Amino acid sequence: MAHSYDSHDVERQTDPRQVRRQTGSGRTGAPEAEAQHPGASQVDPRQTDTGQQPERGTSWTTGTPTEMPRAKTSPMAVFGLVLGLLALLCGLTGVLAPLAIVFGIVGIVLGILGRKDGMQRERTGKGVATAGLIMAIIGLVLGVLAGIAFVLGAMNPDLFIPAQQQVGDLMTQVPR
């Protein structure tokens, strides 16, 4: 016996609003849908053999994994975040200003590339890249300021004599 295939079969199978949970009488689905298609399946396609709904990423009708791959975070965005964080930490120390400048420049480049890569289909990480970009910029600015302060201090040590005297005075006042 040949089964006629029409668009109503596909609609009923893929539209979860028309499928009801199995009742005590053993019948499922809308009565009017069963009247139109007497050979329709009597099993709720959303339930698996254990009576639970399938996990996320599976088809409601067959319970098989869906063909859509999960989005992956852009590696450039992650590296941009790591280098931005390193640039910020090195810039805050002041002593590691040259490293802050290098990490900041590389972090900015990777942050920009990570933002572009994060906007592509099947990729995520735009926010991660943005955070890395911001931290890399701040770290670069701090590194440049610390480098300028170091150069000015080396060229003219008289600029920092008042600051050194104040630090010395504070150190004598601290109880030991």
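Scroll up to find the structure.
Draft legend 1. How the structure looks around the overall build of the chain. Per the secondary structure count, the chain includes six helices and two strands. Counting from the amino terminus, helix and strand elements in the chain follow one another as α-α-β-α-α-β-α-α. Counting the 176 residues in the chain, one finds 24% classified as buried. Sequence separation of at least 24 residues holds for 55% of the intrachain contacts in the chain that already meet a minimum separation of 6. Approximately 12,900 Å² of the chain is accessible, and the part contributed by carbon and sulfur atoms is 63%.

Draft legend 2. Quick look at the side chain of D117. You can see D117 is positioned in helix α4 (residues 97–118). One buried charged residue, D117, remains without a salt bridge, the closest side chain of opposite sign being R123 at 4.1 Å.

Draft legend 3. Quick look at the environment of G104. Here G104 lies in helix α4. Sequence-wise, G104 and C90 are 14 residues apart; in three dimensions their C-alpha atoms are separated by 9.5 Å. Those residues in contact with G104, other than ones at most four positions away along the chain, are A87, A136 and L140.

Draft legend 4. A look at the packing of α4 against helix α5 (residues 126–155). At a minimum axis separation of 7 Å, α4 and α5 run at an interaxial angle of 160 degrees. Taken together, the axes of α4 and α5 lie roughly antiparallel to each other. Considering how the two elements wind past one another, α4 and α5 form a crossing that is left-handed. The residues of α5 that touch α4, namely those facing A97, A100, I101, G104, I105, G107, I108, G111, I112, G114, R115 and G118, are K126, A129, T130, L133, A136, I137, G139, L140, G143, V144, A146 and G147.

Draft legend 5. Layout of helix α6 (residues 161–173). Helix length check: α6, at 13 residues, gives a terminal C-alpha distance of 19 Å against a target of 18 Å (1.5 Å per residue), a fit within 8%. The element α6 is barely covered by neighbouring structure, given that only zero of its 13 residues are classed as buried.

Each value, and the rule that gives it
In this convention, every chain numbers its residues from 1, walking through the sequence in written order. The predicted nature of this model means local features are confined to residues of pLDDT at least 70 and side-chain atom pairs, given and counted, to a pLDDT of 80 or more, with totals for whole chains, interfaces and linings taken over all residues. Remark: hydrogens and water are excluded; side-chain values derive from all non-hydrogen atoms of the structure. Numbering of helices and strands runs from the N terminus, with a helix taken as a DSSP run of H or I at least four residues long and a strand as a DSSP run of E at least two residues long. Summary of the burial criterion: residues with accessible area below 20% of their type's maximum are buried, those above 50% are exposed, and those between are partly exposed, where the area comes from a 1.4 Å probe applied to protein chains only. Throughout, a residue-residue contact means that at least one pair of heavy atoms, one from each residue, lies within 4.5 Å. Note that accessible areas follow from Shrake-Rupley with a 1.4 Å probe, and for residues the cover is restricted to the protein chains shown. Counting rule for charge: Lys and Arg are taken as positive, Asp and Glu as negative, and neither His nor the chain ends is counted. The rule for a salt bridge is simple: a side-chain nitrogen of Lys or Arg has to be within 4 Å of a carboxyl oxygen of Asp or Glu. Convention adopted: a line fitted to C-alpha atoms gives each axis, helices being fitted over their contacting stretch, and angles between N-to-C directions are expressed from 0 to 180 degrees. Note that the term roughly parallel is reserved for angles under 35 degrees, roughly antiparallel for angles over 145, roughly perpendicular for angles of 65 to 115, and oblique for everything else. Crossing handedness: left-handed means the near helix sits turned counterclockwise from the far one by under a right angle, and right-handed means the same turn made clockwise. Given a helix with a known number of residues, its expected span is that number minus one, times 1.5 Å.

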